[in-house]
Amino acid sequence: MSSIALSSILVVLSIVAIIYLTSKVKFSVFGSLFAVSLALALGSGMPLGKVIDTLKSSFGNTLGGISFIIIFGAAIAVCMQKSGGALSIASHILKLAGKGNAKAAMAWTGFIPGLTIFCDTGYIILSGIARSVSASSKTSMPLIAAIMGSSLFVVHCLVPTHPGALAAATALNANLGMLVLASVLFAIPGLLASYYWAGLMDKGQNYAPAEADDEDGTDDLSQHNLPKFSHALLPVVLPLVLISISTLLTTLGMKDGGATVFHFLGNPVMALLMGMLCGVWLLSRHGGQKGDFTKVLEEAIVKAGPILIITAAGGMFGAIIKETGVGNALGEVLGGASVGLLVPFIIAALLKTAQGSSTVAALTTAAIISPSLQTFGLDSEMGRVFAVLAIGAGSMIASHANDSYFWVVTKFSNIEMQQSLRVFSSSTFVMGVVTFACIWAASAFML
């Protein structure tokens, strides 16, 4: 047996081991990734003197690439939660849409805050509103849960303010500014697909709306001294605006002179820092904490810490896979731009469905395909962006019983598991497929 064939078998076995350890044994994700990375390095014949250095350097490099963005994003989420900013956005959207358009209002209620707030945190914050809207509009609670859950999930998987997409972008050296804009655009067709599919799955099932007793009272939201809608949007929208300006100037070839200031502010790290400062300002006006940087950052670090460690460990695992040469071999077997985007999409979808974590699926897939980008015709600035987008689409498929987010949606909505599987889980599957179809179609004109 050739060395590359043996390495390929070892890589497959290592992925199966991670799935087994995290899903069945319930071993910690970090512990699983570290143990499997070490075993793979030793089993593939890596020189002993190189093993520890590779583990340390790859862990540190990944951490350095994602840490500021994840911490500042988590700080924005803390500020939006404590200041009532997320509730302000939700209540304003509901007021504009009216109860007759409760379903559409729920989609955008999840989508906009979800640009910076992690999906599980966002759903917990907004679940009371979802139950209230279901009760007051007499709309099926499984349907409302699926719509809002999917709207938070689509941006969580695609937009690199979230750990999976960010880790994949770091591993593939993708342009973050361009990726942020493209991911938001491609999230919209995914959102629409899940919206209509959820309605189809709910139709004729006679699922009940939420109990009136569950109502958190959207009519009473104005009594909670919520921030103005325009103020609440600042921490979410300002980073996107700054990144957009920088990307536009780069596209126009304006990189020097006065444009350097905009490029500095439009760097995703600085853009999210500006968003965090807006969040602290919002909190000082409405959270009663006087914009205390220390408290906000401490809580953000507590929330971001486990994500940073797991993501960095994933980068470590990816570096070991890269050392085995399996990625190059995969490229030779499946080479060609015609299937280039399909490969990362399928790998991410299989990993997500098998082990439940979108983040682990994204970073593992990025590690596998990274050496093969040139063979797949994706070794260009836009090619790398599209590769990350394909991975993000695959990491949506599908949220079900082995995914902690599935249980957040199910339990905080007070619905049955079977209802959630039928409406929400199937929506995430359709969402991923449609998102990828749009990405693949666009790549035909842009690659």
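In case you missed it, the structure is sitting above this.
So, a few notes on the structure that sits alongside this text. Counting restarts for each chain, with residues numbered from 1 along the sequence as it is written. In keeping with the model being predicted, local features are shown solely for residues with a pLDDT of at least 70 and side-chain atom pairs are shown and tallied solely at 80 or more, while totals for entire chains, interfaces and linings include all residues. Processing note: side-chain calculations cover all non-hydrogen atoms of the structure and skip hydrogens and water entirely.

**Here we look at helix H17 (residues 358–369)**
An ideal rise of 1.5 Å per residue puts 16 Å on 12 residues; H17 measures up with 17 Å between its terminal C-alpha atoms. Each residue is placed in one exposure class: buried if its accessible area under a 1.4 Å probe, protein chains only, is under 20% of its type's maximum, exposed if it is over 50%, and partly exposed if it falls in between. Strands here are runs of E lasting at least two residues and helices are runs of H or I lasting at least four, both read from the DSSP assignment and numbered beginning at the N terminus. Of all the 12 residues making up H17, 12 are buried; the element is thus mostly covered by neighbouring parts of the structure. Restricting attention to buried positions, one finds in H17 the residues Ser358, Thr359, Val360, Ala361, Ala362, Leu363, Thr364, Thr365, Ala366, Ala367, Ile368 and Ile369. For this analysis, a polar contact is any N or O atom pair within 3.5 Å, provided that within protein one partner can donate a hydrogen and the other can accept it, and provided that sequence-adjacent residues contribute only side-chain to side-chain pairs. The distance from a side-chain oxygen at the start of H17 to the backbone nitrogen of Thr359 is 3.4 Å, and the residue carrying that oxygen is Ser357. Here the expected span of a helix is defined as 1.5 Å times the quantity of residues minus one.

**Here's the deal with the side chain of Ser150**
Along the chain, Ser150 turns up in helix H7 (residues 141–158). Looking at Ser150, its side chain comes within polar contact range of the main-chain oxygen of Ala146, at 2.8 Å. Not counting the four nearest positions on each side in its chain, Ser150 is found in contact with Ser194, Phe424, Ser427, Thr428 and Met431. Residues are treated as being in contact if the distance between any of their heavy atoms lies within 4.5 Å.

**Overview of the environment of Leu166**
Inspection of the secondary structure puts Leu166 in helix H8 (residues 163–172). As a C-alpha pair, Leu166 and Ala362 span 196 residues in sequence and 9.1 Å in three-dimensional space. When near neighbours in sequence (up to four residues on either side) are disregarded, Leu166 contacts Ile66, Ile69, Ile70, Pro160 and Leu176.

**Some words on the packing of aromatic side chains**
Side-chain rings of Phe, Tyr and Trp, where Trp is taken by its six-membered ring, are said to pair if the distance between their centres is within 6.5 Å; with planes under 30 degrees apart they count as stacked, over 60 as edge-to-face, and otherwise as tilted. Counted under the stated rule, the structure contains 11 aromatic pairs. Taking the centre distance of 5.3 Å and the plane angle of 75° together, the rings of Trp108 and Phe111 count as edge-to-face. With Trp108 and Phe111 both in helix H5 (residues 102–111) and three residues apart, the pair spans about one turn of that helix. Grouping aromatic residues by their ring pairs yields a cluster made of Phe30, Phe34 and Phe59.

**Details of a nonpolar patch on the surface**
Within this analysis, patches are made of residues with over 30% relative accessible area and no salt bridge. Like charges are joined at 9 Å or less; nonpolar side chains (Val, Leu, Ile, Met, Phe, Trp, Tyr) at 5 Å or less. For the accessible areas, the method is Shrake-Rupley and the probe is 1.4 Å, while residue cover comes only from the protein chains on display. When a carboxyl oxygen of Asp or Glu is within 4 Å of a side-chain nitrogen of Lys or Arg, the pair counts as a salt bridge. A surface patch of nonpolar side chains, amounting to about 370 Å² of accessible area, comprises Val237, Val241, Ile245, Val261 and Phe262. Secondary-structure elements contributing two or more residues to the nonpolar patch are helix H10 (229–251) and helix H11 (259–266). At three residues, H10 tops the list of elements feeding residues into the nonpolar patch. Mapped onto the elements of the fold, Val237 is located in helix H10. Using a relative accessible area of 35% as the deciding quantity, one classes Val237 as partly exposed.

**Quick notes on the packing of helix H2 (residues 29–43) against helix H3 (residues 48–83)**
It is the contact of H2 with H3, at a shortest axis distance of 10 Å, that shows an interaxial angle of 145°. The way H2 lies across H3 gives a crossing that is right-handed. Residues Phe30, Phe34, Ser37, Leu38, Ala41 and Leu42 of H2 form the contact with H3, whose own contacting residues are Leu48, Val51, Leu55 and Phe59. When residue character is reported, Ala, Val, Leu, Ile, Met, Phe, Trp, Tyr, Cys and Pro are called nonpolar, Asp, Glu, Lys and Arg charged, and the others, Gly included, polar. By residue class, the composition of the contact of H2 with H3 is nine nonpolar, one polar and no charged. Geometry is summarised by axes, namely lines fitted to C-alpha atoms with helices restricted to the contacting stretch, and by angles between N-to-C directions that run from 0 to 180 degrees. In a left-handed crossing the near helix is turned counterclockwise from the far helix by less than a right angle, and in a right-handed crossing that turn is clockwise.

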